[in-house]
Amino acid sequence: MKPIRNSAKAVIVQDGRLLVIRLEDQYGTAYVFPGGGQEKGEELKDAVARECLEEIGQAVNVGELLHIREYIGKNHEFAEWDADIHQVEFYFACSLFDPEATVFEGSNPDDHQVAVEWIALEDLSNIRLYPKTIGELLLKSGSSSIYLGDLN
């Protein structure tokens with residue numbers, strides 16, 4: 001089994017919309033939160049800021065930790081190829097340094113990344129968003145669950 005990996009993710013909500021990365025895979029279109037793996041010697045807040053520059057091409061202000069999610073691949077729909085993956089993800093409230101930004105072209109996009117899009121919060125239940133639970137929590141006002149456990 002691979003070592004456990006930490007990942008820092010950005011939750012960027014502006015004007016009732018969530019900023020997400022659109023991926024195209026063998027199942028069609030999927031959406032994920034910007035962010036990625038923490039590097040040795042890097043604080044989580046620095047990791048999410050770096051990953052946003054790489055994936056969305058914009059600097060972000062990193063705020064409070066919202067949620068911690070684990071992903072243990074063998075327990076989920078992609079177990080066929082993710083069985084040896086165990087990732088701990090830290091979701092931070094973030095805002096764009098330039099809230100008027102319209103160009104989102106990162107220097108190092110994710111595999112299968114085809115675009116960066118704003119999705120209206122009320123439309124989150126109509127898209128394939130990973131993890132879906134984070135999207136559901138965004139729609140619930142006053143949600144205070146920080147540790148969410150192993151979910152997809």
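Note that the structure is predicted; figures quoted are calculated from it, not measured.

A.B. asks: Just checking my understanding: could you explain the overall build of the protein for this structure?
C.D. replies: Along its length, the protein carries 3 helices and 9 strands. From first element to last, N terminus to C terminus, the protein shows the α and β order β-β-β-β-α-β-α-β-β-β-α-β. Each principal axis of the C-alpha atoms in the protein carries an extent, and together these give about 45 × 35 × 35 Å. Counting all 152 residues of the protein, 47% fall into the buried class. Restricting to contacts in the protein with at least 6 residues of sequence separation, those with at least 24 account for 72%. In the structure as shown, the protein presents an accessible area of about 8,100 Å², 49% of it carried by carbon and sulfur atoms. Considering the protein, the positive charge centre built from 13 side chains and the negative charge centre built from 27 side chains are found 5 Å apart.

A.B. asks: What exactly am I supposed to notice about the nonpolar core here?
C.D. replies: The nonpolar side chains of a soluble globular protein tend to be buried with one another. Among the nonpolar cores identified, the biggest contains 26 residues, and Ile12 and Ile56 are the most heavily contacted of them. At the level of elements, strand E1 (5–14), strand E2 (17–25), strand E3 (28–32), helix H1 (44–56), strand E5 (60–72) and strand E6 (86–96) are the ones that each hand at least two residues to this core. Contacts of Ile56, omitting those with residues within four sequence positions, involve Ile12, Leu19, Ile21, Pro34, Glu51, Leu96, Val103, Phe104, Glu105, Gly106 and Val116. By size, the runner-up hydrophobic cluster in this structure holds 15 residues, among which are Tyr31, Phe33, Ile127 and Leu129.

A.B. asks: How should I be thinking about helix H3 (residues 132–139) in this particular structure?
C.D. replies: One full turn of an α-helix is made of 3.6 residues, so residues set three or four places apart face in the same direction. Of all the positions in H3, only Ile134, Gly135 and Leu137 are classed as buried. Each buried residue of H3 lies within a common arc of 160 degrees when the element is viewed along its axis, so the set occupies one face. Against E5, E6, strand E8 (129–130) and strand E9 (147–150) lie the buried residues of H3.

A.B. asks: Please clarify how the pairing of E3 should be interpreted in this entry.
C.D. replies: Side-chain direction in a regular strand flips from residue to residue, so the side chains alternate between the two faces of the sheet. By the bridge criterion, 5 bridges tie E2 to E3 in an arrangement that is antiparallel. If you follow Leu23 over to E3, its bridge partner there is Ala30. Between E2 and E3, which follow one another and run antiparallel, lie 2 residues. Sheet analysis places E3 next to E8, joined by 2 bridges and oriented parallel. Across the sheet, Val32 pairs through a bridge with Tyr130, a residue of E8.

The rules behind each value
Residue numbers run consecutively from 1 along every chain, following the written order of its sequence. Restriction of local features to residues with pLDDT of at least 70 applies here, the model being predicted, together with a cutoff of 80 or more for giving and counting side-chain atom pairs; totals for whole chains, interfaces and linings are based on all residues. The side-chain values count all of the structure's non-hydrogen atoms but skip hydrogen atoms and water molecules. Only DSSP runs of H or I reaching four residues or more are called helices, and only runs of E reaching two or more are called strands; each is numbered from the N terminus. Here's how the labels work: a residue is buried when its accessible area is under 20% of the maximum for its type, exposed when over 50%, partly exposed in between, all with a 1.4 Å probe on protein chains only. Contacts between residues were defined by any pair of non-hydrogen atoms, one from each residue, lying within 4.5 Å. Surface accessibility in these figures is a Shrake-Rupley result with a 1.4 Å probe; residues are shielded only by whichever protein chains are displayed. Here Asp and Glu are counted as negative and Lys and Arg as positive; His is not counted, and neither are the chain ends. Think of each charge as sitting on NZ of Lys, CZ of Arg, CG of Asp or CD of Glu. Nonpolar core, defined: a set of buried Ala, Val, Leu, Ile, Met, Phe, Trp, Tyr and Cys residues in which side-chain atoms within 4.5 Å join the residues together. Along the arc lie the directions from the helix axis toward the C-beta atoms. Any two strands with at least two DSSP-identified bridges between them are counted as paired.

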